[in-house]
Each structure stands twice: as C-alpha cells, then as structure tokens.
Amino acid sequence: MFTFGATEGAQELVKKSDYERLINEFGAKSIDDEIISSFRKPHKFLLMKLFYAHRDLDLYLKERLNGRPVSIVSGRGPSNYMHIGHLVIFEFVKWLQDELDAEVYIPLSDDEKYVFGKVKSLDQAYTYAVDNALDLIALGFKEGKTFFFVSTRLSEIYELSVTLSRYLTFNTVRATFGLEGEGVNSGVVFYAAVQAAHILLPTAKKGLFVLVPIAMDQDPYMRLTRDIAVKAGFKKPAAVYSKYISGLTREPMSASKPETSVFLIDSEEDVRKKIWTAFTGGRPTVEEQRKFGGNPDICVVYEWLKVFIFKDLKTMDEHARKCRSGELLCGECKRMLADGLIKKLAEHKARKKQALKVIDRFFLHEIEIPEEIIKLLE
Ligand code: SF4
C-alpha cells in the first residue's frame, strides 16, 4: 500500500534504527539547524524532529528564496473517515503553504484504494474522498492556491500516467512495491505510474518545483518517482520525511483498529474512553508514581500531548520534568489530553461544516456532494 503523504501505513512499529537507516543507508539528509532557521517561524514539528529528514529540501528552499514559485503535493487515500493522525502531515503542509506561499495539490487516490481492494467500489472511495477533502479544507488551506482532485476524475492524470508509464518497467514496479504472486491485478501495476503523475502534475503543468511531505517508510516510492522524473526530463521532486506517531495502544494508528486512534467523527464519549485506556509510562500505583516518577519517553499520552496539544518545546520539556519528578499523575494527563482533543474536534467539525459551502472552489474538476456526507454534518 503506498498512499504518499499519510502517516498511516506502517504495519509494524517503526524502530529508531529505521529512522536512522533512511539517512545512513538510503541517502536522505537530516533536517539541520540551517534549514530550520531559514523559516520565519519554524513549526513545532520541525523543532521536535517529527519531520527529521529530506531529499533536496535545501535546493527547494533556495528556489523559493530566489523568488520562484513552488508547489507541494500531499495525497490522501480515501478508504475511510479520517483520524487525527492523518491531519498531522496536512497541518504541516498548511504551515508550509503559509510560509512559502506555495500552491498545494491534494490528489485523492480513489484508484489506489480500489485496485488494492481497500474499498468495494470507486463510488465508495469517492464518498470518502469528498468527506476527507472537507476535513482538509477545514484546516484552512488557501482558496485559489490549493487544488484537490479525485484521481479517476481528472483526465490530465490519465494522460500524464500513460506518458510516465514508458519509463517504468514491470520489474521495477514489482521490486519497489514488493508485489508477489500471480494474483496481482494490472491496476496495481499501473498505479505506480499514476502515483508518479500525482507528484509530477504541478511540474508537468506549470514547471513548478515540487515538495512532497511524506511518512519515512514511503521513501522507496519517492525514489522511484524521482528516477522517473529524471528519465522523463522533469525536475526531481524534493521530499521531507516524518517519523510515525504511536497509536493509543502503542500499535500503529489504523483505521481498521478504532482503539488505536481518535477519528474526526468520534463522539466526546468515544474520545474519553479511548484516551482513558491509552498506554502510558506511569507506575502501577499512585504511591510509586509520586516516589519514582513516570517515564515520558515511552508514554503515548505524552507523545499525543506534544503533537496535538502543546504549542512549544518549553511546555513539552516542563511537562516531561513534572512527570519524571512524580508531580504528575497519569489521570491528570489523560484528562488534559481528552479535554484538548474534544475541543479540537468540536472546532474542526464547525470548520468542516463551513467547508461544505466552498468545497467546489477547491477542486480541479466538477464535484457532487454525496447525501451521506451532508447527513453526517447535520
Ligand atoms: Fe505519561 Fe503523564 Fe503518566 Fe507521565 S504522568 S507517564 S506523562 S501520562
């Protein structure tokens, strides 16, 4: 499965060493202080090293610094309603858009979810695509600079996919995506070219340098697309890689395991229940916690507070200190997280309702809103 730009997808817990391998073995570079300080107000995700590695981000920023317009591509595979983890990369993309005044392209890969059997029909994927687009518009992307499209509904994508498919052999696709057996359908194979077309569309259309914010395990597909770009005579897209955020149970967040994450459509009660059973680094008893302190380094509640609630590093460090010293009890942290997420979800839902009024202005093609989505927002 290879939806780029999402935080979902790692089927196993990613180890610290895997993060390092991307740099030590696969030639990505660390995001260093020089890059971070080139932004006016660096995002907390950069400061806390959630986005930690890149390919050609320095060249990309130089291009922007020289006054040339740039673009960002960040896709979403519409196979379900979104959970809060899905928003992380898009919040970062929105911040990058504001910092760099970049055009943002958001492909909704209904084709991918269909050929990989994650949805029963293209229509079902379309319904999720519209729902997911509303969630993303609700993050505040700029109208006129942000372009969504459902992959099968934009004819330019088909044209570009066919053009790029000449530079992609079956063997390369098989090796990159680990395809095995005789049951692989031909849509899966062709989708490799479609994904490259999603990434290279702004370059093919307007000659723009593209940046792809992406989860680190998606790097093989990024390398493949960079290779195709060179062969097809396009500028190689840059990439910025994120680490994974733990699921509440400490497994990866997954739409098929609701207890691992908080969905944007979850009720207040669902949120409290899920956070209450989340994995912590706390001690078994209050007495031990007060005496020995907790361990924020393994605590999912602390990790989520950092990503979703705390605004700066100082607050994060102070919280970790209080945890270690035994000043804090896990119940307090869980309440803080649940209250923060419930507020965040309520605000998000209000913005999503507003997004319904303007969604057609964000799409590169005509759209219709499925009845199901309208009902969901009532
Ligand atoms: Fe985690 Fe808070 Fe418990 Fe520390 S006190 S282990 S930060 S939940």
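Structural notes, computed from the coordinates. These numbers come from a predicted model, not from an experiment. (Residues numbered from 1 in each chain as written. Predicted model: local features only at pLDDT ≥ 70, side-chain atom pairs only at ≥ 80, totals over all residues. Heavy atoms only, no water.)

### Brief notes about the side chain of R55
Going by this rule: Here a strand is any run of E in DSSP of at least two residues, a helix any run of H or I of at least four, and the numbering for each starts at the N terminus. As used in this structure description, the phrase polar contact means that two N or O atoms lie within 3.5 Å; if the pair is within protein, one of them must be able to donate a hydrogen and the other to accept it, and residues adjacent in sequence are counted only when both atoms belong to side chains. Residues count as neighbours in contact if any of their non-hydrogen atoms are within 4.5 Å of one another.
Along the polypeptide, R55 turns up in strand β2 (residues 51-55). At 2.7 Å, the side chain of R55 forms a polar contact with the backbone oxygen of F26. With residues near it in sequence (within four places) discarded, R55 still touches L22, F26, G27, A28, D219, R223, R226, A238, A239 and Y241.

### Here we look at the environment of I367
For I367, the location among the structural elements is in the loop between α16 (330-358) and α17 (371-376). In sequence terms I367 and P296 are 71 residues apart; their C-alpha atoms lie 46 Å from each other. Look past the residues within four positions of I367 in its chain and what remains in contact with it is Y126, I359 and D360.

### Remarks on the site of the ligand
Formally: One heavy atom within 4 Å of a molecule or strand is enough for the residue carrying it to be called near that molecule or strand. Cavities and pockets are defined on a 1 Å grid built over the protein atoms alone: a cavity is a set of grid points where a 1.4 Å probe fits but cannot escape, while a pocket is an open set with protein on both sides within 12 Å along at least five of seven lines, and lining residues are those with an atom within 4 Å of any such point. Throughout, a molecule is located in a cavity or pocket provided that more than half of its atoms lie within 2 Å of its grid points. Note on residue categories: nonpolar means Ala, Val, Leu, Ile, Met, Phe, Trp, Tyr, Cys or Pro, charged means Asp, Glu, Lys or Arg, and polar means any other residue, Gly included.
Near the ligand, the surroundings consist of G281, G282, Q289, C299, Y302, C323, L328, L329, C330 and C333. A majority-of-atoms criterion places the ligand in the largest cavity. Residue composition of the shell around the ligand, grouped by class: seven nonpolar, three polar and no charged.

### Things to note about the nonpolar core
Using the following cut-off: Think of a nonpolar core as a cluster: buried Ala, Val, Leu, Ile, Met, Phe, Trp, Tyr and Cys residues, connected wherever their side-chain atoms sit within 4.5 Å. Burial classes follow relative accessibility: with a 1.4 Å probe on protein chains only, a residue under 20% of its type's maximum area counts as buried, one over 50% as exposed, and anything between as partly exposed. Marked domain ranges trace back to an automatic or database domain assignment.
In terms of nonpolar packing, the biggest core is built from 78 residues, with Y60, L136, F141, F148, V262, W304 and L341 touching the most fellow members. Broken down by element, this core gets its largest block of residues, ten residues, from helix α5 (residues 84-100). Two domains each provide a minimum of three residues to this core, namely domain 1 (8-242) and domain 2 (258-355). Those residues in contact with F148 that lie beyond four places of it in its chain are I106, L108, A133, L136, I137, F362, F363 and L364. In terms of nonpolar packing, the next biggest core, distinct from the first, is built from 41 residues, L160, A196, L224 and Y244 among them.

### Structural notes on the packing of aromatic side chains
Here is the rule we go by: Within 6.5 Å between ring centres, the rings of Phe, Tyr and Trp (the latter by its six-membered ring) count as paired, and their orientation is classed by plane angle as stacked under 30 degrees, edge-to-face over 60, tilted in between. Put simply, a charge is over a ring when the Lys NZ or the Arg CZ is close to the ring centre, within 6 Å, and near the line of the ring normal, within 35 degrees.
Tallied over the entire structure, the rule returns twelve aromatic pairs. Note on Y81 and Y128: the rings are 5.2 Å apart at their centroids and 85 degrees apart in plane angle, and the pair reads as edge-to-face. With Y81 in the loop between β3 (70-73) and α5 and Y128 in helix α7 (residues 122-137), this residue pair connects regions lying 47 residues apart in the sequence. We classify Y128 as buried; its relative accessible area is 14%. One aromatic cluster is present, built from ring pairs that chain together F39, F45, F51, F92 and W95. Over the ring of Y126 we find R153, and its NZ or CZ is 3.8 Å from the ring centre. The cationic tip of K235 hangs over the ring face of F209; the distance from NZ or CZ to the ring centre is 4.8 Å.

### What to know about a nonpolar patch on the surface
Cut-off, in case you're wondering: Only residues whose relative accessible area exceeds 30% and that take part in no salt bridge are eligible for patches, with like-charged residues grouped when within 9 Å of each other and nonpolar side chains (Val, Leu, Ile, Met, Phe, Trp, Tyr) grouped when within 5 Å. Surface exposure here means Shrake-Rupley accessible area, sampled with a 1.4 Å probe, where a residue is shielded only by the protein chains that are shown. Whenever Lys or Arg places a side-chain nitrogen within 4 Å of a carboxyl oxygen from Asp or Glu, that contact is recorded as a salt bridge.
A surface patch of nonpolar side chains, about 280 Å² in accessible area, is lined by Y158, V162 and F190. Along the chain, the position of F190 falls in helix α10 (residues 186-206). Residue F190 is classed as partly exposed on the basis of its relative accessible area, which comes to 30%.

### A look at α10
Because each turn of an α-helix spans 3.6 residues, side chains separated by three or four positions end up pointing in the same direction. Condition: Here, expected helix span is obtained from the residue count minus one, scaled by 1.5 Å. Values of bend correspond, residue by residue, to the angle between axes fitted over the seven residues ending at that residue and the seven starting there.
Taking 1.5 Å as the rise per residue, α10 with 21 residues should run 30 Å; its terminal C-alpha atoms sit 30 Å apart, in good agreement. Along α10, the sharpest change in direction is near 60 degrees and occurs at L200; proline P202 comes one to four residues later. Sitting at the head of α10, N185 places a side-chain oxygen 2.9 Å from the backbone nitrogen of G187. Just downstream of α10, G207 is the residue with a positive phi angle, here 70 degrees.

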